[in-house]
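# Close look at the chain arrangement
The lines below spell out each chain.
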Amino acid sequence: MASKACCTIPPVVSEDDFKCSGTFSTLDGMRTYVTGNTNSKTGVLVIYDIFGLDFPQTQQGVDIIASSTPTLVVVPDLFLGKPMDIKNYPPDTPEKQSALGAFFGGPANPTKNVDTVRGLVPKLKAAYPSVERWALVGYCWGGKIVTLLSAGDEFVAAAQIHPAMLDPADAEKLKIPNFCLASKDEDATATEKFKEAIEKNEAIKDKSKVMRWDGTFHGFMAARANLKDQQNLEYYHKGYKALVHWLKEVL
């Protein structure tokens, strides 16, 4: 049975009151947010959402992971300082839809970014030699990237939070335990079929977890979170508590 400490995370504060506890460094030429114990034996590589590295809601989340697991957390700026402008979301005009489509076809192309992250693995190991086991966490678009990476063996576990482009076919290829937390905005049928595929995957089913929370929205644990809203704040806290608990079990 999990202890009380295992299920406890620091208090969540509004984005206006948050001060990050990590630092910025460079990994393979990328500006990178690093938080937690650099001498830890475990590490988490975080793939952010399309809005990039500098949202306090995302930074607070990764600080929570680092302090509560506890582990080293590393967030590379895969978009090299040029993320999608959050003003284009939701994509409710032809101009916004065009901008989003161009971004997903270019800087956010999944295949390109999977290759980039795989190329970072030896750099991670060289920069943080004490880390023996690396897990992945991906938000929204990042969830798709970590799921595709989970077909390989570079990492020991992967979590996707309110994932974009959730595809049950990906679940059949997973080689490592998977945590999937979907919101009301993710397709319910796709989420259920993803869960069913994982439950048939003998290699990972016992350590995997798939949930869909109908009371909250796509982006509630990352850049689109509104932590001044009580309901969003409660789901944010609940989500990170569940994620931390799972990471402790698999790392």
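Refer to the structure above for everything that follows.
In this text, all values refer to a predicted model and were calculated from it rather than measured experimentally. (Residues numbered from 1 in each chain as written. Predicted model: local features only at pLDDT ≥ 70, side-chain atom pairs only at ≥ 80, totals over all residues. Heavy atoms only, no water.)

## Comments concerning the packing of helix 1 (residues 56-68) against helix 7 (residues 230-250)
At a closest axis distance of 10 Å, the pairing of helix 1 and helix 7 adopts a crossing angle of 40°. For the pair helix 1 and helix 7, the sense of crossing is right-handed. Across the interface between the two elements, Q57, Q60, G61, I64, I65 and S68 from helix 1 touch Y236, Y240, L243, V244, L247 and K248 from helix 7. Here the contact of helix 1 with helix 7 is built from residues that sort into 7 nonpolar, 4 polar and 1 charged. (Axes fitted to C-alpha atoms, helices over the stretch in contact; angles between N-to-C directions. Helix = DSSP H or I, 4+ residues; strand = E, 2+ residues; numbered from the N terminus. Left-handed = near helix turned anticlockwise from the far one by under 90°. Contact = heavy atoms within 4.5 Å. Nonpolar A, V, L, I, M, F, W, Y, C, P; charged D, E, K, R; others polar.)

## Some details on the packing of helix 3 (residues 110-127) against helix 4 (residues 141-149)
Two numbers describe how helix 3 lies on helix 4: the axes approach to 10 Å, and their chain directions differ by 65°. Considering the relative orientation of helix 3 and helix 4, their crossing is right-handed. Only W141, I145, L148 and L149 of helix 4 make contact with helix 3, whose side of the interface consists of P110, N113, V114, V117 and R118. By residue class, the composition of the contact of helix 3 with helix 4 is 7 nonpolar, 1 polar and 1 charged.

## As for the sheet that holds strand 1 (residues 23-27)
Pairing is mixed in the open sheet, where 8 strands are placed in the order 1-2-4-3-5-6-7-8. Here the strands that pair on one side only, and so sit at the sheet edges, are strand 1 and strand 8 (209-213). Averaged over all pairs of adjacent strands, the angle between strand axes in this sheet comes to 20°, irrespective of strand direction. Bridge count for strand 6 (residues 157-161) against strand 7 (residues 178-183) is 4 bridges, and the pairing is parallel. Among the inter-strand pairings, Q160 is bridged to a residue of strand 7, identified as C180. Packing against the sheet, helix 4 makes contact with strand 3 (42-47), strand 5 (133-139), strand 6 and strand 7, and its axis sits at approximately 145° to strand 5. The strands touched by helix 7 are strand 5, strand 6, strand 7 and strand 8; relative to strand 6, the strand with the most contacts, the crossing angle is about 170°. (Pairing = 2+ DSSP bridges.)

## Observations concerning the environment of L124
Tracing the backbone shows L124 in helix 3. C-alpha of L124 to C-alpha of V74: the two residues are 50 residues apart in sequence and 8.9 Å apart in space. Those residues in contact with L124, other than ones at most four positions away along the chain, are L27, L45, V74 and W134.

## A word on the nonpolar core
Within the largest apolar cluster, 69 residues are counted, with the highest numbers of intra-cluster contacts made by V137, Y139, W141 and L243. Among the elements that make up this core, the one with the highest residue count is helix 7 (9 residues). With residues near it in sequence (within four places) discarded, V137 still touches V44, L45, V46, I47, V146, A159, I161, L243 and L247. (Core = buried A, V, L, I, M, F, W, Y, C linked by side-chain atoms within 4.5 Å. Buried < 20%, exposed > 50% of the residue type's maximum accessible area, 1.4 Å probe, protein only.)

## A few points about the pairing of strand 7
Regular strands have side chains that alternate between both faces of the sheet. The element strand 7 is extensively covered by neighbouring structure, given that 6 of its 6 residues are classed as buried. By the alternation rule, side chains of strand 7 split into N178, C180 and A182 and F179, L181 and S183, which are all buried. The sheet contact formed by strand 7 and strand 8 spans 5 bridges and is parallel. Considered in strand 8, the bridge of L181 is made with M211. With respect to chirality, the unit in which strand 7 leads through helix 6 (residues 188-199) into the neighbouring parallel strand 8 is right-handed. (Right-handed = clockwise from strand over helix to strand, strands pointing away.)

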